[in-house]
Amino acid sequence: MSVVLVVNSGSSSFKYQLLDMDREQVLASGLVERIGEGTGVAKHTVAAAALAAPDDPAPTVTEATYTIEREIPDHTAGFAVMLDAFAAHGPSLDEHSPVAVGHRVVHGGARFFEPTVVTPLVEINIDELSVLAPLHNPANLAGIVAAKKAFPDVPHVAVFDTAFHQSLAPEAYTYAIDREIAEAHRIRRYGFHGTSHKFVSEAAAAFVGRPLGELKQIVFHLGNGASVAAIEGGRSVDTSMGLTPLEGLVMGTRSGDLDPAVLFQLARRADMSIADLDTLLNKRSGLLGLAGVSDMRDIGERRDAGDPAAQLAFDVYVHRLRAYAGAYLAQLDGVDVISFTAGVGENSIRVREEAMATLGFAGVEIDPDRNATRERGIRRISSDSSRVEVLVVPTNEELEIARQTLSVTS
Ligand SMILES: Nc1ncnc2c1ncn2[C@@H]1O[C@H](COP(=O)(O)OP(=O)(O)O)[C@@H](O)[C@H]1O
Ligand SMILES: CC(=O)OP(=O)(O)O
Ligand SMILES: [Mg+2]
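Anyway, here's the lowdown on the structure attached to this text. (Residues numbered from 1 in each chain as written. Chains lettered and ligands numbered in written order. Predicted model: local features only at pLDDT ≥ 70, side-chain atom pairs only at ≥ 80, totals over all residues. Heavy atoms only, no water.)

**With respect to the sheet that holds strand 10 (residues 226–232)**
Here 6 strands make up an open sheet; going across it, the order is 11-10-9-12-14-13 and the pairing mixed. Each of the sheet's edge strands pairs with one partner strand only, and the pair in question is strand 11 (235–239) and strand 13 (379–380). Relative to strand 11, strand 10 runs antiparallel, the two being bridged by 4 bridges. Within strand 11, the position partnered with Ile 231 by the bridge is Ser 236. On top of the sheet, helix 12 (residues 308–332) reaches strand 9 (216–222), strand 10 and strand 11; it is set at about 160 degrees to strand 9, its chief contact. Strands strand 9, strand 12 (337–341), strand 13 and strand 14 (389–392) of the sheet are contacted by helix 14 (residues 349–356), whose axis makes an angle of about 150 degrees with strand 12. (Pairing = 2+ DSSP bridges. Helix = DSSP H or I, 4+ residues; strand = E, 2+ residues; numbered from the N terminus. Contact = heavy atoms within 4.5 Å. Axes fitted to C-alpha atoms, helices over the stretch in contact; angles between N-to-C directions.)

Below, the structure is given as structure tokens:
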């Protein structure tokens, strides 16, 4: 059995999945949170696939989740908690010992286009790229360092969020600023969530039964961070995030697009420092800044209760989605498939309905009943007469990372 461990580390947390790649099945998954914040919490889920006998044709067991609370000062301690959880609750890492560990790394700059085996030089490069992704890369590197200590004898592979967008043409990735300054400081658009955009666009092509190479697609990845990509023939041609994961759509706590002069105004008039502005735009904006809550479920509840701030937050969110849908329809000269993915995209009936409501002119017709079903798995939400196929496609960044990890290690 080829088992791969996938690690997705954030600043104060990390998510992990242990996958049996012979059957592309999850054996266990987990989330370690509040690292470095006093008492940390780990949730460890043993999947049904790991509990059922391998030859059981109709397993009746269901997954089991365990919670562990303990002081977790850093990522190394977080990894120790994960290993303890495997030891206490299974599956056994001796029986299911990983042949490789795959890591999500957010920023690969212009240096990394492919899944890359982590060497000391690669670690230095990921560290250097922290200037371009201060919220993400340091955490990703901490995860790699901790995982290498825990699993010193297997290859570790970095899979970059930026990699899929390396196909952007110069006119799509160039900011219209002084060229020398931009080149000296590597200021350009890179794009993120590429692992998800790739996975979803490939799954969508398979679902509609047409060759990826022939399709024009728009993928809305709407999670906490959110981005949209225009994909032609399986290659990313435009995407809403830029130098950092701040540009583009309205997100849980990030502003997305705004006039850069807002920053000069706030620096001059509100006496805000660079650090203040960074925090404002990355952590205190988006849905949170507009309505006081970052979760789209809370926005929906407050909107139903008549909260005007939540209504405005929802309207601004949707307005931006429509603007990008229109822009990418024009960039692609039409579209065959539009997919929604990630937490909001997979679950919010109203966001999908509102985002698509003005695209009738382009041949988009949503079937309200299909859109309202809560079925799991990939599904069509457009009507049979819609010229454009509109889909909900559950993303699976971990599976894609595991696949790419094996592609360079076996
Ligand atoms: N049933 C739901 N309805 C609306 N939004 C939801 C629902 N479930 C989850 N979400 C949204 O999904 C977001 C998280 O998306 P996710 O893709 O898991 O984010 P990330 O991986 O970036 O942390 C939550 O903040 C929440 O707004
Ligand atoms: C790149 C990015 O925004 O990632 P996340 O959605 O995980 O914050
Ligand atoms: Mg995500």
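And the narrative resumes.
**Re the site of ligand 1**
Taken together, Lys 15, Gly 223, Asn 224, Gly 225, Asp 295, Met 296, Arg 297, Ala 342, Gly 343, Val 344, Asn 347 and Ser 348 make up all the residues around ligand 1. Measuring from an oxygen atom of ligand 1, one finds a backbone N or O atom of Val 344 at 3.4 Å. In the complex, 71% of the free accessible area of ligand 1, which totals 580 Å², lies under the protein chains. Among the secondary structure elements, those contributing two or more residues to the shell around ligand 1 are helix 11 (296–304) and helix 13 (342–347). In terms of residue count, helix 13 provides more of the shell around ligand 1 than any other element does, 4 residues in total. Counted by class, the shell around ligand 1 contains 3 nonpolar, 6 polar and 3 charged residues. (Near = heavy atom within 4 Å. Polar contact = N/O pair within 3.5 Å; in protein donor to acceptor, adjacent residues only side chain to side chain. Areas by Shrake-Rupley, 256 points an atom, 1.4 Å probe, with all protein chains shown as cover. Nonpolar A, V, L, I, M, F, W, Y, C, P; charged D, E, K, R; others polar.)

**A short note on helix 16 (residues 397–409)**
If you check helix 16, its first and last C-alpha atoms are 18 Å apart, about what 13 residues at 1.5 Å a residue would give, namely 18 Å. Looking only at helix 16, the buried set comprises Glu 397, Glu 398, Leu 399, Glu 400, Ile 401, Ala 402, Gln 404, Thr 405 and Leu 406. Residues of helix 16 that are buried make contact with strand 1 (3–9), strand 2 (14–20), strand 6 (100–105), strand 8 (156–160), helix 7 (194–208) and strand 9. (Expected span 1.5 Å × (residues − 1). Buried < 20%, exposed > 50% of the residue type's maximum accessible area, 1.4 Å probe, protein only.)

**Examining the nonpolar core**
Phe 220, Leu 222, Ile 299, Tyr 317, Ile 338 and Met 356 are the most contacted members of the largest nonpolar core, which has 42 residues in total. Among the secondary structure elements, those contributing two or more residues to this core are strand 9, strand 10, helix 10 (286–291), helix 11, helix 12, strand 12, helix 14 and strand 14. Here this core gets 11 residues from one element, more than from any other, and that element is helix 12. Filtering out sequence-adjacent residues up to four positions away, Leu 222 remains in contact with Leu 249, Tyr 317, Leu 321, Phe 340, Thr 341, Ala 342, Gly 343, Val 344, Gly 345 and Val 351. In this structure, Phe 14, Leu 18, Phe 79 and Ala 85 belong to the second largest nonpolar core, which totals 25 residues. (Core = buried A, V, L, I, M, F, W, Y, C linked by side-chain atoms within 4.5 Å.)

Geometric values such as these leave the question of function open.
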